[in-house]
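Spelled out from the first residue to the last, the chains are:
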Amino acid sequence: MKDASNGIEICGIGAVTGYGWGREMLWDGLISGKPAASLTGGHGRYRNESAWIAAVPEGGDPADGRGRFARAMRAAAREAIEDAKGRGWTPGRRVGLLHAVVLGETYLWKDFYGPENGYLRPRDYLALMPSTPMSTFMREHGFHGPAMNVSAMCASGNAGLLTAKAWLDAGVVDDVVLVATDLSLTPENVLHFRDLGVVVTDREPLDCCRPFQEGSSGFVMGEASVGMVLSNSSDAPYAVTLGGAMSHDAYHVTSIDPEYREVRRCFTDALDNAGVAASEVGYVNAHGPGTAQCDRVEAAILEELFTPDTGIYSMKPLTGHCQGAASAVEVAVAALGYERGSIPAPPVVAEAHPQLRHGEFALDGRLTVKSSLGMGGHNSVVVLAPASA
């Protein structure tokens, strides 16, 4: 196995999800085996329907911003920084910020063009800008490294993690705070994703979202913001990012190329970049949204590249599909799992792929491959190792 000291440590984690505000609420929710989604009114074409969604509940510090988006971003990043400092991390001179984001302040923009009639006080208008939560975050912590948004649809969290590793490897920064935020479950967005045929709103998550199982018909949408401190100066990191890769199908705005050449190449390039063999991988933390094409492609890759004892799992039946924050939520779960010795995977509820893990299972210290396939052809894979490797 490649020496984990060559990777980048995940040394602090913060999370705001449909389970609540804080990483322990995320972990406890997953351990319960119950999905974060709840039946929520005001949906459908005429706003007279209820929909199963895993929305972030109200909360956070109002001083962090007008909307839940900014408050969740600041809270997740702050929790990650406090966690990292408690684990022995001291910020270097150049701390950079990467914010993985796709839609931004969706709710505030909706209000801007709706009840606010397109007019706000200048201070309130600035809350709509993607630079504002980043600027206030950097000011709060006195960080002066580069700050940049990263966007690759559902693969944005993985893209941010790989960008952070590139910054650190190149010596551009001493440390990176990576935050991935997506709070975009307005009725309009949920409706249109449902009309695309990938989102299910009228069935409980475990009834519809069954990655690598019979009877799966799509996913329930979720929201989240996840913060991670990435460095090589922690006394007790959670896990290590050894490497990874990204590619693009250049095929279709929603569908995966059925030949999956670029998905396959992304997996093999990730292993090469990390300097590890497929036989060293114990777990595939899959994109796994429960759609037929994603299940087919990822199951084929599992069988082609990895050994028969390599387990596969997806967190989306429990967390919901958190869109631009999805892969960051799932990386955080893998990292927390290495520290805590197990992964609280969803229960298997139907006939399943023989390598699909069922419920909470113990980790044996092998590597994890985290894949994330973003709509439009964005492919990403990262390779994670336990900190003790």
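Residues numbered from 1 in each chain as written. Predicted model: local features only at pLDDT ≥ 70, side-chain atom pairs only at ≥ 80, totals over all residues. Heavy atoms only, no water.

Enquirer: Can you help me understand the pairing of strand β14 (residues 367–374) in this one?
Expert: Successive residues of a regular strand alternate their side chains across the two faces of the sheet. Among the eight residues that make up β14, eight are buried, leaving the element largely enclosed by the rest of the structure. Alternating positions in β14 separate into two faces, Leu367, Val369, Ser371 and Leu373 on one and Thr368, Lys370, Ser372 and Gly374 on the other, with burial throughout. Pairing geometry for β14 and strand β15 (residues 378–386), over seven bridges, is antiparallel. Paired with Val369 across the bridge in β15 is Val383. The hairpin formed by β14 and β15 contains three residues between the paired strands, and Gly376 there has a positive phi angle of roughly 100°. (Buried < 20%, exposed > 50% of the residue type's maximum accessible area, 1.4 Å probe, protein only. Helix = DSSP H or I, 4+ residues; strand = E, 2+ residues; numbered from the N terminus. Pairing = 2+ DSSP bridges.)

Enquirer: How should I be thinking about the pattern of salt bridges in this particular structure?
Expert: Close approach of charged atoms allows side chains with opposite charge to pair. In this structure the tally under the stated criterion is 31 salt bridges. Glu140 is paired through a salt bridge with Arg78; the nearest N and O atoms lie 2.8 Å apart. On the criterion of sequence distance, the pair formed by Glu140 in helix α5 (residues 131–141) and Arg78 in helix α2 (residues 68–86) is long-range, its members being 62 residues apart. On the basis of relative accessible area, Arg78 is assigned to the buried category, the value being 19%. The salt bridge partner of Glu188 is Lys110, with a shortest N-O separation of 3.3 Å. Note that Glu188 is positioned in helix α7 (residues 187–195) and Lys110 in helix α3 (residues 106–113), a separation of 78 residues in sequence. Relative accessible area serves as the criterion here: at 27%, Glu188 is assigned to the partly exposed category. The class of Lys110 is partly exposed, set by a relative accessible area of 38%. (Salt bridge = Lys/Arg side-chain N within 4 Å of Asp/Glu carboxyl O.)

Enquirer: Help me out: how do you make sense of the nonpolar core in this one?
Expert: Generally speaking, nonpolar side chains in soluble globular proteins are found buried as a group. Counting residues in each nonpolar core, the largest one holds 67 residues, and the members touching the most others are Ile10, Ile13, Val176, Met228, Leu230 and Tyr313. Excluding residues within four positions of it along the chain, Tyr313 makes contact with Tyr283, Val284, Asn285, Ala286, Ala334, Ile343, Ala345, Leu356, Arg357, Phe361 and Thr368. Within the second largest apolar cluster, 32 residues are counted, among which are Val240, Ala270, Ala274 and Leu367. (Core = buried A, V, L, I, M, F, W, Y, C linked by side-chain atoms within 4.5 Å. Contact = heavy atoms within 4.5 Å.)

Enquirer: In this structure, what is going on with empty space enclosed by the protein? I would like to understand it.
Expert: Remark: the empty space left among the atoms is shown by a probe the size of a water molecule rolled over them. With the rule as written, the count across this model stands at two cavities of 30 Å³ or more. Roughly 60 Å³ of internal volume is contained in the largest cavity. Every residue lining the largest cavity is listed: Pro211, Gln213, Tyr313, Ser314, Pro317, Pro346, Pro347, Val348, Leu356 and Arg357. Roughly 50 Å³ of volume is contained in the second largest cavity. (1 Å grid on protein atoms, 1.4 Å probe; cavity = no way out; pocket = protein on both sides within 12 Å on 5 of 7 lines; lining within 4 Å. Points joined across faces, edges and corners; volume = space filled by probe spheres on them.)

Enquirer: Whenever I open this one, α7 confuses me. Can you help?
Expert: Turn by turn, an α-helix covers 3.6 residues, leaving residues three or four places apart pointing in a common direction. Residues Pro187, Val190, Leu191 and Phe193 constitute the buried set of α7. Relative to the axis of α7, the buried residues are bounded by an arc of 165° and lie together on one face. Those residues of α7 hidden inside the fold are in contact with β3 (38–43), β4 (49–53) and α3. Among the residues trailing α7, Gly197 stands out with phi positive, at a value near 90°. (Arc of directions from axis to C-beta.)

Enquirer: Explain the packing of α2 against α5 here, please?
Expert: Each pair of packed helices can be described by the angle between their axes along with the distance between the axes. Closest axis-to-axis distance for the α2/α5 pair is 10 Å, and the angle between their directions is 30°. Both α2 and α5 take part in a crossing whose hand is right-handed. Residues Ala70, Met73, Arg74, Ala77, Arg78 and Ile81 of α2 pack against Pro133, Met134, Thr136, Phe137, Glu140 and His141 of α5. Among the residues making up the contact of α2 with α5, the classes are represented as seven nonpolar, two polar and three charged. (Axes fitted to C-alpha atoms, helices over the stretch in contact; angles between N-to-C directions. Left-handed = near helix turned anticlockwise from the far one by under 90°. Nonpolar A, V, L, I, M, F, W, Y, C, P; charged D, E, K, R; others polar.)

Enquirer: Even after reading the chapter, I still don't get the packing of helix α6 (residues 156–170) against helix α12 (residues 326–340), so can you show me in this structure?
Expert: The N-to-C vectors of α6 and α12 enclose an angle of 65°; their axes lie 5 Å apart at closest approach. In terms of their interaxial angle, α6 and α12 are classed as roughly perpendicular. Residue-level contacts link Ser156, Gly157, Asn158 and Leu161 of α6 to Ser327, Ala328 and Val331 of α12. When the residues that make up the contact of α6 with α12 are grouped by side-chain class, the tally is three nonpolar, four polar and no charged. (Parallel < 35°, antiparallel > 145°, perpendicular 65-115°, else oblique.)

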